[in-house]
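Listed below are the residues making up each chain.
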Amino acid sequence: MVFNQKKYHLFQIRIVFCFLIFGSNLISQNLGEITIYNTDNSNITYNQVNCLEFDQFGDLWIGTEYGISLFNEAANTWYNFYADDPGSGLSSNSIQTIESNGDEIWIGTNAGITLVDYYTGWTPYFEWENIPDNTIQTIFSDENKIWVGTTGGLCIYNGETW
């Protein structure tokens, strides 16, 4: 089979033409209104957002490099939590991950884990036995287990032990 360069160029032109006709329609789609929240127009703690998680009540937990913002969009209310707030239980303001698990919110920072229980409050966990490292990268809940990924490895909490 002989390669026909002329036919190949015609094929390329057709591809570009199809993209221009059909692809431009995809690019020009109206995606609706976009709302941006930052420190200039809201009470969010910091503009660098590291993680987001909705809780069972529909409130949005926003993890930033400078604490947590809890946002109720319907009421347009903001609550902020910082490591140096009395009773917040945050081990650090650098929030890496947030996981909602029923009545609990698990918060991973670069210095440990904080558990927020709607009934018992905030509980910080630093240097837990059997956790490979205090730099928490990700948390995932599955049935009755909490999976925690750290810079030192993976561990699982079964509700009683790690």
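In what follows, the structure referred to is the one given above.
Summarised in this report is the structure supplied together with it. Predicted, not measured: the structure shown is a model, and the values here were computed from it.

Calculation rules
- Residues numbered from 1 in each chain as written.
- Predicted model: local features only at pLDDT ≥ 70, side-chain atom pairs only at ≥ 80, totals over all residues.
- Heavy atoms only, no water.
- Helix = DSSP H or I, 4+ residues; strand = E, 2+ residues; numbered from the N terminus.
- Contact = heavy atoms within 4.5 Å.
- Polar contact = N/O pair within 3.5 Å; in protein donor to acceptor, adjacent residues only side chain to side chain.
- Buried < 20%, exposed > 50% of the residue type's maximum accessible area, 1.4 Å probe, protein only.
- Pairing = 2+ DSSP bridges.
- Axes fitted to C-alpha atoms, helices over the stretch in contact; angles between N-to-C directions.

A few points about the environment of Ser-69
Position of Ser-69 relative to the elements: it lies in strand E3 (residues 67-72). Separated by 20 residues in sequence, Ser-69 and Val-49 place their C-alpha atoms 9.9 Å apart. Ignoring anything within four residues of it in the chain, the contact list for Ser-69 reads Asn-43, Ile-44, Thr-45, Leu-60, Trp-61, Ile-62, Trp-78, Tyr-79 and Asn-80. One polar contact links Ser-69 to Asn-80, side chain to side chain, over a distance of 2.7 Å.

Concerning unusual backbone geometry
In this structure, Asn-76 takes a positive phi of about 50° despite not being glycine. One can find Asn-76 in the loop between E3 and strand E4 (77-81). Classification of Asn-76 by relative accessible area gives exposed; the value is 51%. Residues other than glycine seldom take positive phi values, yet Glu-143 does so here, at roughly 55°. Following the sequence through the fold, Glu-143 ends up in the loop between strand E9 (136-142) and strand E10 (145-150). Taking the relative accessible area as the measure of exposure, Glu-143 reaches 73% and is therefore exposed.

A short note on the sheet that holds E10
If you trace the 3 strands from one edge of the open sheet to the other, you get E9-E10-E11, paired in antiparallel fashion. Only two strands of the sheet have a single partner each, and these edge strands are E9 and strand E11 (153-157). Averaged over all pairs of adjacent strands, the angle between strand axes in this sheet comes to 20°, irrespective of strand direction.

Notes on the pairing of strand E1 (residues 49-54)
Here 5 bridges tie E1 to strand E2 (residues 60-64), and the two strands are oriented antiparallel to one another. Within E2, the residue paired with Leu-52 across the bridge is Ile-62. Between E1 and E2, which pair antiparallel in sequence order, lie 5 residues; one of them, Gly-58, sits at a positive phi of approximately 85°.

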